[in-house]
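Each chain is listed here by its residues.
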Amino acid sequence: MRELIDKAKVIALELKQAAEKVVTIKEVDDLRVQFMGREGCLTLLIKELKDLDSLAKREVGPVLNQIRVDATEIFRRLKEDIEKREAEAANMREKGFDVSAYQPKGRPDGTRHIYSKFIEDIEDIFMSMGFSIFDGPEVETDFYNFQALNIPQNHPARDMQDTFWFEKDKKLLRTHTSNVQIHAMQKYGVPIAGVCTGRVYRYEATDATHDCMFTQCEGLLVDKNVSISQLLGTVKKFLQRLFDSKKLKIRVRPGFFPFVEPGLEVDMSCVFCKDGCSVCKKTTWIELMGAGLVHPNVLRAVKVDPEVYSGFAFGVGIERLAMLRYGIDDIRLFHSGRVKFLQQF
Ligand code: DAH
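Worth saying up front: this structure is predicted, and the values here are computed from it rather than measured. (Residues numbered from 1 in each chain as written. Predicted model: local features only at pLDDT ≥ 70, side-chain atom pairs only at ≥ 80, totals over all residues. Heavy atoms only, no water.)

Comments concerning the packing of aromatic side chains
1) Next: Applying the stated criterion across every chain yields a total of 14 aromatic pairs.
2) Next: Relative to phenylalanine 131, the ring of phenylalanine 126 has its centre 5.4 Å away and its plane inclined at 70°; by these criteria the two rings are edge-to-face.
3) Next: The buried category is assigned to phenylalanine 126, whose relative accessible area is 1%.
4) Next: A ring pair is formed by phenylalanine 143 and tyrosine 144, whose centres lie 5.1 Å apart and whose planes are at 90°; its orientation type is edge-to-face.
5) Next: Linked through ring pairs, Tyr115, Phe118, Tyr326, Phe334, Phe341 and Phe345 together constitute an aromatic cluster. (Phe/Tyr/Trp six-rings, centres within 6.5 Å; stacked < 30°, edge-to-face > 60°. Buried < 20%, exposed > 50% of the residue type's maximum accessible area, 1.4 Å probe, protein only.)

Here is the structure:
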């Protein structure tokens, strides 16, 4: 009895799939014969009903009947649709309307995404200063994203609210590109100088200036006797080149990031005004990036002796830089795929 119901369900599914492919009236007729003709699979199945006892008949009968009613309706609708379409086409032909005559004017050229171009600009500037380009995983372990970066177990940056975790293997989507500092030092040792651009993820609501996925550029230089003035010189040169302004200035304020000591917040002079505008909130300074001297614990995590080596690191949001360079006021436009927006670049 169960078997009969299962068979009927398979037939109903097959009919639905076959019905999606038919195009002509003849195909509809053939399909009807295949399912509901004298030797059709549905007809034969219904015939099997008579061999069942009355109790089973009462159960299976209505199921088969419903499938038969549905099938009849499918065939009726298919025929109706095709006839309508053919009538419309005939009508068009009569009016001399050639449906195939429409040709869009010129096919628009594809180009690289503004993101890719901007990232290449950034990488070019750093390469010209002697930095290598690093790459690293976006699906990361706790060790690389947090522990090795001196982010302790109870640090708020680890909050389940801020991080996308994979339940299965306890991995996470990296929350910053700082994880690449660790991979790079493990792979290439020290001295080292490189930058990494890549996607990072934060579990947060999106608005005009926040997205749950965005891009960062991370820089790292480790050598003997590295000082803050080298960090500031590098960052300033980079920004001056990126914004094409020799007059661009930077200033630093104390900031806290567990993986640097001292930690700094770097601001740049507003590129839009001299005495205050809405972008710089009338301060003439724009908050830009985190930076600092690599924390001894980070060096220890990759078995580098902090008594011998020191380094600097910085991290900056690429969307923020691009928004400032191109005067874009909504971060979500970058991922929207809106052709009108993209065609501007
Ligand atoms: N990882 C930090 C963030 O996502 C940015 C950052 C700050 C990177 C200071 C650094 C640094 O390398 O030194 O907000």
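What about the pattern of salt bridges?
1) Next: Evaluated as defined, the whole model comprises 11 salt bridges.
2) Next: The residue arginine 76 makes a salt bridge to glutamate 73 at a minimum N-O spacing of 2.9 Å. Remark: glutamate 73 and arginine 76 occur in helix α4 (residues 54-95); sequence separation between them is three residues, near one turn of the helix.
3) Next: A salt bridge links arginine 253 to aspartate 267; its shortest N-O distance comes to 2.9 Å. One end of the pair, arginine 253, is in strand β6 (residues 250-254); the other, aspartate 267, is in strand β7 (residues 260-269), and 14 residues separate them in sequence.
4) Next: Accessibility expressed as a relative area gives 29% for arginine 253, which makes it partly exposed. (Salt bridge = Lys/Arg side-chain N within 4 Å of Asp/Glu carboxyl O. Helix = DSSP H or I, 4+ residues; strand = E, 2+ residues; numbered from the N terminus.)

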